Structure formats: structure tokens, C-alpha cells
Amino acid sequence: MSSEHPPGDRGREKWREDFPFTSAGEDEVTRREFVRYLTLGSAGAALGSLALAGMTQVRVPAERVPTPIVDLDDIPVAGSHLFRYPTDDDPAIIIRPTQDELLGYSQRCTHLACVVHYEHDDQELICPCHHGIFDARDGRNTAGPPPRPLNRIDLEVREGVVWAVGGGGH
Ligand code: FES
């Protein structure tokens, strides 16, 4: 009777030659695969988180749609009117330093986005958060930490109504 196995290897099954992993070896392969899948899964989750964070940080510029804001007669001389433009998330202010003068600004401070308010006597827009000051006549940052002027909002008066027609936002 001939043997399929060399001497000393007697009793070893044929399938072991075709599939030479032991139980311990199989566990090791499984563990290795598990670690690989875990690593790939973690990397995928990290990339997904980064992509999500990026999407929330990138703001698509809002479209500037001409919008009626307020009747001119409802803005007192030496006073202001608050509104939102170009979106409901963008606080904005119209100031009326004189009878014939209207100026529109984003109300967001250019430092850390607190809202500014109008001080007519000093002709300034003041940010209370860190004492930022802007010139009310042109929006220039004149004191405190704000790094740049307020964003202007373009205004037009149409048949007694003040319209926002551009600018504003961040
Ligand atoms: S947020 Fe306006 S000065 Fe800091």
C-alpha cells in the first residue's frame, strides 16, 4: 500500500496541505484582518468628521436680493433701524445721521461678530464685547481689536421705502 505522505507525516490529512492554517493561525489572520478593518474604519470616520467640519465652516455667499426694509419716515433723524440682510442670520443696521443721509452696515463686528450699536453723539458704531469702535460715516475700524471696517450695505430709497440692494453679510 502506497502512502500519500512522507514518513513521519503519517496521519496528516490532505486538506491540511491545501489549507495549512491551524486554529491558532486562523485566529491570528482574523485578528490581523480585524485590526486592518478597525484602522480603515477609524480612518474613514476621521475623514468623514473632517469633511463634515469643513462643510459647516464653509459658508456659501448669500445672494443679495434687493429687499424692501422700512419706510423712510419710520427711521428717526439721529436714529437707526435694525433689520436682517442678506439672510435672516445677518443682523444689519441703517443709521440716519441727518435728514438726508442714510448708511447701511452689517451689524456684525469684524473682530468676533458681536453686534454693534449706533452712538449718534459720537458718530460711532460701538461693539460692547471688546470695546471695538467704528466710524459711523464710513464703517472704518478706529479703535479696539476689530481688524477691518464693517461691511457696508447698499441702500436705495424707492417711493419712500428704503431698500437693501447689495453688500452686507460677513
Ligand atoms: S467682537 Fe467686537 S470688539 Fe471683539
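You'll find the structure just up there.
These notes cover the structure that comes with them. Everything quoted here is computed from the prediction, not taken from an experiment.

Here the focus is the sheet that holds strand β1 (residues 67–71). Taken in spatial order, the six strands make up an open sheet running β1-β10-β9-β4-β3-β2, and their pairing is antiparallel. Each edge of the sheet is formed by a strand with only one pairing partner; in this case those strands are β1 and β2 (79–84). Across the sheet, the mean angle separating the axes of adjacent strands is 30° when strand polarity is ignored. Pairing of β2 with strand β3 (residues 91–98), which is carried by six bridges, proceeds in the antiparallel orientation.

Before going further, it helps to examine the pattern of salt bridges. Within the structure shown, the criterion is met by four salt bridges. The shortest N-O distance in the salt bridge between Asp 135 and Arg 140 comes to 3.2 Å. Residue classification places Arg 140 among the partly exposed residues on the basis of a relative accessible area of 42%. One continuous salt-bridge network, built from bridges that share partners, spans Asp 135, Arg 137, Asp 138 and Arg 140.

This part covers the nonpolar core. Counting residues in each nonpolar core, the largest one holds twelve residues, listed as Ile 93, Ile 95, Leu 103, Tyr 105, Cys 109, Val 116, Tyr 118, Leu 125, Cys 127, Phe 134, Ala 136 and Leu 150. Only β3, β4 (101–106) and β6 (124–127) provide two or more residues apiece to this core. Not counting residues up to four positions away in its chain, the partners in contact with Ile 93 are Ser 80, His 81, Leu 82, Phe 83, Leu 103, Gly 104, Tyr 105, Gln 107, Tyr 118 and Leu 125. Counting eleven residues, the second-largest nonpolar core is a separate cluster that includes Ile 75, Tyr 85, Ala 92 and Ile 94.

The rules we used
Residues numbered from 1 in each chain as written. Predicted model: local features only at pLDDT ≥ 70, side-chain atom pairs only at ≥ 80, totals over all residues. Heavy atoms only, no water. Pairing = 2+ DSSP bridges. Helix = DSSP H or I, 4+ residues; strand = E, 2+ residues; numbered from the N terminus. Axes fitted to C-alpha atoms, helices over the stretch in contact; angles between N-to-C directions. Salt bridge = Lys/Arg side-chain N within 4 Å of Asp/Glu carboxyl O. Buried < 20%, exposed > 50% of the residue type's maximum accessible area, 1.4 Å probe, protein only. Core = buried A, V, L, I, M, F, W, Y, C linked by side-chain atoms within 4.5 Å. Contact = heavy atoms within 4.5 Å.

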